[in-house]
Protein chains: 2
Amino acid sequence: MKITIAGAGAMGSRFGLMLHKGGNEVTLVDGWPAHVNQIKEHGLQANFNGEELTVQLPVELQSEIHSEEKTDLIILFTKAMQLDKMLQDIQPLIGAHTNVLCLLNGIGHEDIVEKYVPMENIFIGNTMWTAGLEGPGKVKLFGNGSVELQNLGKNQEQAAIDLASVLSDSGLNAKYSDNIHYSIYRKACVNGTMNGLCTILDTNMAGLGETRPAHDMVVTIVNEFAAVAAHEGVMLDIPEVIEHVEECFNPETIGMHYPSMYQDLITNHRLTEIDYINGAISRKGKKYNIPTPYCDFLTQLIHSKEEILKAK
Amino acid sequence: MKITIAGAGAMGSRFGLMLHKGGNEVTLVDGWPAHVNQIKEHGLQANFNGEELTVQLPVELQSEIHSEEKTDLIILFTKAMQLDKMLQDIQPLIGAHTNVLCLLNGIGHEDIVEKYVPMENIFIGNTMWTAGLEGPGKVKLFGNGSVELQNLGKNQEQAAIDLASVLSDSGLNAKYSDNIHYSIYRKACVNGTMNGLCTILDTNMAGLGETRPAHDMVVTIVNEFAAVAAHEGVMLDIPEVIEHVEECFNPETIGMHYPSMYQDLITNHRLTEIDYINGAISRKGKKYNIPTPYCDFLTQLIHSKEEILKAK
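If you're wondering where the values come from, they're calculated on a predicted model, not measured in any experiment. (Residues numbered from 1 in each chain as written. Chains lettered and ligands numbered in written order. Predicted model: local features only at pLDDT ≥ 70, side-chain atom pairs only at ≥ 80, totals over all residues. Heavy atoms only, no water.)

Enquirer: Could you give an account of the overall build of chain A, naming the residues involved and the relevant values?
Expert: The number of helices and strands found in chain A is 12 helices and 12 strands. The C-alpha radius of gyration of chain A comes to 19 Å, within 12% of the 20 Å expected for a compact globule of 312 residues. Projecting the C-alpha coordinates of chain A onto the three principal axes gives extents of approximately 55 × 40 × 35 Å. In chain A, which comprises 312 residues, the proportion classed as buried is 56%. In chain A, once contacts between residues fewer than 6 apart in sequence are set aside, the share between residues at least 24 apart is 72%. Total accessible area on chain A stands at roughly 13200 Å², and carbon and sulfur atoms take up 49% of it. Of the side-chain charges in chain A, 23 are positive and 39 negative, and the distance between the mean point of each set is 5 Å. (Helix = DSSP H or I, 4+ residues; strand = E, 2+ residues; numbered from the N terminus. Rg over C-alpha atoms; globule rule 2.2 N^0.38 Å. Buried < 20%, exposed > 50% of the residue type's maximum accessible area, 1.4 Å probe, protein only. Contact = heavy atoms within 4.5 Å. Areas by Shrake-Rupley, 256 points an atom, 1.4 Å probe, with all protein chains shown as cover. Lys, Arg positive; Asp, Glu negative; His and termini not counted. Charge placed at Lys NZ, Arg CZ, Asp CG, Glu CD.)

Enquirer: How would you sum up the sheet that holds strand β6 (residues 73–76) of chain B? Please name residues and give values.
Expert: Residues and elements named next belong to chain B. Taken together, 8 strands build an open sheet; the order of strands is β5-β2-β1-β6-β7-β8-β11-β12 and the sheet is mixed. Among the strands making up the open sheet, the edge pair consists of β5 (59–61) and β12 (174–176). Across the sheet, the mean angle separating the axes of adjacent strands is 25 degrees when strand polarity is ignored. Where strand β8 (residues 122–127) lies against strand β11 (residues 147–151), 5 bridges are found, and the strand directions are antiparallel. Each residue of the ladder has a partner; that of Thr 127, found in β11, is Val 147. Against the sheet, helix α2 (residues 33–42) makes contact with β2 (25–30) and β5, and its axis sits at roughly 150 degrees relative to β5, the strand it touches most. (Pairing = 2+ DSSP bridges. Axes fitted to C-alpha atoms, helices over the stretch in contact; angles between N-to-C directions.)

Enquirer: With reference to specific residues and values, describe the pairing of strand β10 (residues 138–141) of chain B.
Expert: The side chains of a regular strand alternate, residue by residue, between the two faces of the sheet. Residues and elements named next belong to chain B. Here β10 shows one buried face, formed by Val 139 and Leu 141, and one open face, formed by Lys 138 and Lys 140. Bridge count for strand β3 (residues 44–48) against β10 is 4 bridges, and the pairing is parallel. Directly across from Asn 47, in β10, lies its bridge partner Lys 140. Where strand β9 (residues 132–135) folds back onto β10 in an antiparallel hairpin, the turn is made up of 2 residues, including Gly 137, whose phi is positive at roughly 75 degrees.

Enquirer: Could you give an account of the UniProt feature "domain: Ketopantoate reductase N-terminal" (unreviewed entry) in chain A, with specific residues and numbers?
Expert: UniProt's feature table lists "domain: Ketopantoate reductase N-terminal" (unreviewed entry) at residues 3–152 of chain A, given in the numbering used throughout. Taken end to end, residues 3–152 of chain A has its terminal C-alpha atoms 19 Å apart, with 23% of it in helix and 33% in strand. (UniProt positions renumbered as here; feature names shortened; annotations may be inferred.)

Enquirer: A description of the packing of aromatic side chains should follow, citing residues and the corresponding values.
Expert: Under the definition given, this model contains 7 aromatic pairs over all chains. With a centroid separation of 4.9 Å and an interplanar angle of 65 degrees, the aromatic rings of Phe 15 of chain A and Phe 77 of chain A are classed as edge-to-face. Of this pair, Phe 15 of chain A sits in helix α1 (residues 10–21) while Phe 77 of chain A sits in the loop between β6 (73–76) and α3 (83–89), and the two are 62 residues apart along the sequence. Each member of the pair, Phe 15 of chain A as well as Phe 77 of chain A, carries the same accessibility label: buried. Among the aromatic side chains, those forming a connected cluster through ring pairs are Tyr 294 and Phe 297 of chain A together with Tyr 294 and Phe 297 of chain B. Of note, Arg 283 of chain A hangs over the ring of Tyr 276 of chain A, and the distance from its end group to the ring centre comes to 5.8 Å. (Phe/Tyr/Trp six-rings, centres within 6.5 Å; stacked < 30°, edge-to-face > 60°. Lys NZ or Arg CZ within 6 Å of the ring centre and 35° of its normal.)

Enquirer: Tell me about unusual backbone geometry, and name the residues and values.
Expert: Residues and elements named next belong to chain A. The phi angle at Asn 173 is positive, at roughly 55 degrees, despite the residue not being glycine. Within the secondary structure, Asn 173 is located in the loop between α5 (157–169) and β12 (174–176). Phi angles above zero are rare outside glycine, and His 269 is one such case at about 50 degrees. Relative to the elements of secondary structure, His 269 occurs in the loop between α10 (260–267) and α11 (278–288). For His 269, a relative accessible area of 35% gives the class partly exposed.

Enquirer: Can you break down the sheet that holds strand β9 (residues 132–135) of chain A residue by residue, with the values?
Expert: All names here are of chain A. Taking strand neighbours across the sheet as the criterion, the 4 strands line up as β4-β3-β10-β9 in an open arrangement whose pairing is mixed. Each of the sheet's edge strands pairs with one partner strand only, and the pair in question is β4 (51–55) and β9. Pairs of neighbouring strands in the sheet enclose a mean axial angle of 25 degrees, with direction left out of account. Relative to β4, strand β3 (residues 44–48) runs antiparallel, the two sharing 5 bridges. Counted as the bridge partner of Leu 44 is Val 55 from β4. Against the sheet, α1 engages β3, β4, β9 and β10 (138–141), with an angle of about 85 degrees to β3. Docked against the sheet, helix α2 (residues 33–42) engages β3, β4 and β9, running at close to 90 degrees with respect to β3.

Enquirer: So what's going on with the UniProt feature "domain: Ketopantoate reductase C-terminal" (unreviewed entry) in chain A? Residues and values would help.
Expert: In the numbering used here, UniProt assigns the feature "domain: Ketopantoate reductase C-terminal" (unreviewed entry) to residues 179–306 of chain A. Within the segment residues 179–306 of chain A, helix and strand shares are 68% and 0% respectively, and the terminal C-alpha atoms sit 34 Å apart.

Enquirer: Outline the nonpolar core, supporting the account with residue identities and numerical values.
Expert: Formed by 138 residues in total, the largest nonpolar core has its most connected members in Leu 76, Ile 90 and Phe 225 of chain A together with Leu 76, Ile 90 and Phe 225 of chain B. Leave out the neighbours within four places in its chain, and Ile 90 of chain B touches Ala 6, Val 29, Ile 65, Ile 74 and Leu 76 of chain B. (Core = buried A, V, L, I, M, F, W, Y, C linked by side-chain atoms within 4.5 Å.)

Enquirer: I'd love a proper account of the environment of Ser 168 of chain B, names of residues and values included.
Expert: Residues and elements named next belong to chain B. In this structure, Ser 168 sits in helix α5 (residues 157–169). Residues Ser 168 and Gly 207, 39 residues apart in the sequence, show an inter-C-alpha distance of 39 Å. Here Ala 174 takes part through its backbone nitrogen, which lies 2.9 Å from a polar atom of the side chain of Ser 168. (Polar contact = N/O pair within 3.5 Å; in protein donor to acceptor, adjacent residues only side chain to side chain.)

Okay, structure coming up:
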């Protein structure tokens, strides 16, 4: 199968590498010139569960796509704020039969994908795989993971099941979900609390959890996510989700960790994905006429902080 | 007149000094032992518009008040969170005819004063005087100012007018206001936006003002203050108040300044007055069934930050 990985960072490289090893015709597309050039000249270098691999994979800079040859499957793995530009840049590769699988973190990406791809060709999912980028052209891929995915288009269940098989045939351990939005919203509740609150309070998750207001803030934010999800027919089990979120406070498991948004903004002065987490709930809330003031305010605070730190 | 200054920090010392010079029998009460001892041993030292003064004023540590002699007037000038304890400690000084004037920043102090003083004896106000504490027993008092005040009790207008005269006779430039709550709410809108937002975003007022979300955050917070005020019959001119608040963004006037809450919490790791600014709006909102989510959330964030910084 002709597969294009759109956004070939750490996770995109893992999927590209594994799908290539599984016998597919994989092309990587990315927007970072140093990374693209390194792969072009020296191949993709990976430490794959301890084994050093170098794989020659076709790679293209997204702004310089010349081919008009349609691809069978595009897997989207950009940062959320780069998704729209990526979809514009890869337009020449999208044909009437090109399936597009969106595996980005966060919610509401379908609003962007829909602008470029017919609904019946869109699939969304969640992955528990991990991956690390060591430098341009170099990734570190350890451990196991899984993928859940579902069709957005009506009557495309079989296509989603087939797509999961393609991924599983390459060891990606994918399965069809009949309620992918539940998993996506549940995961988004973790990101929608830990990311923004730890970033704005300049603390790790255990530090947040030790403060008396933490629980009430988590409850209010999860309830906003749940109200928006309910309007879309996704009925979150709110107490279970709150308990799941608050497992992050445990200093003996992951509590001492600073969430990715903290690392992006506070450590590296990079723009955040807030618009695709709390900001997505704000936008959907406005559209559905559901008040989401905590998500609104947290999104505004993070954007102000981005400007104050001159994040890029 | 026998006047007790309850909370003899910078502003309390100014009022005490001026009322003493004006011929009143002033006693200072404060909770900071080093400050009280210094005044006891060496008098209150003041740089009063350039002139070095030392004034012997009776002073008592609030936890060691032995006198039961009632005072005519108590002027409250504690930090907001110390108000309740102060009122407990000065109970022996409060008689049936003791007037109590509350000049603290913020709103909702009357809820606390009412627990200890009959309504007809309570007066509240606003002051534009400034004062600086240089160290224990030493203050710096420059410039001019004014006081506005009003009775809380019914039919106590004349008492309020008389009280303003007492202050004015000592040069404090006080006048009766028939709408003191308007002035208090208008000033609280400045504190309720600049203090919390600059503190949580770690920036000065100009830095906040330069960010794109600043205006919308100010508008939402001012509207919450206005909704609560309206329920109490105080109809804020919302566009005028927003314009007044946003004058703080001007880097050529006061924009480069870090608000007092920033100095308390971020610079000095001290507890803040948030419960008497946004927190007061939250409490009143709950009581009146008016949603105040931005004030709720900002209060929670500041309290979390206090705990993270181990503020005392």
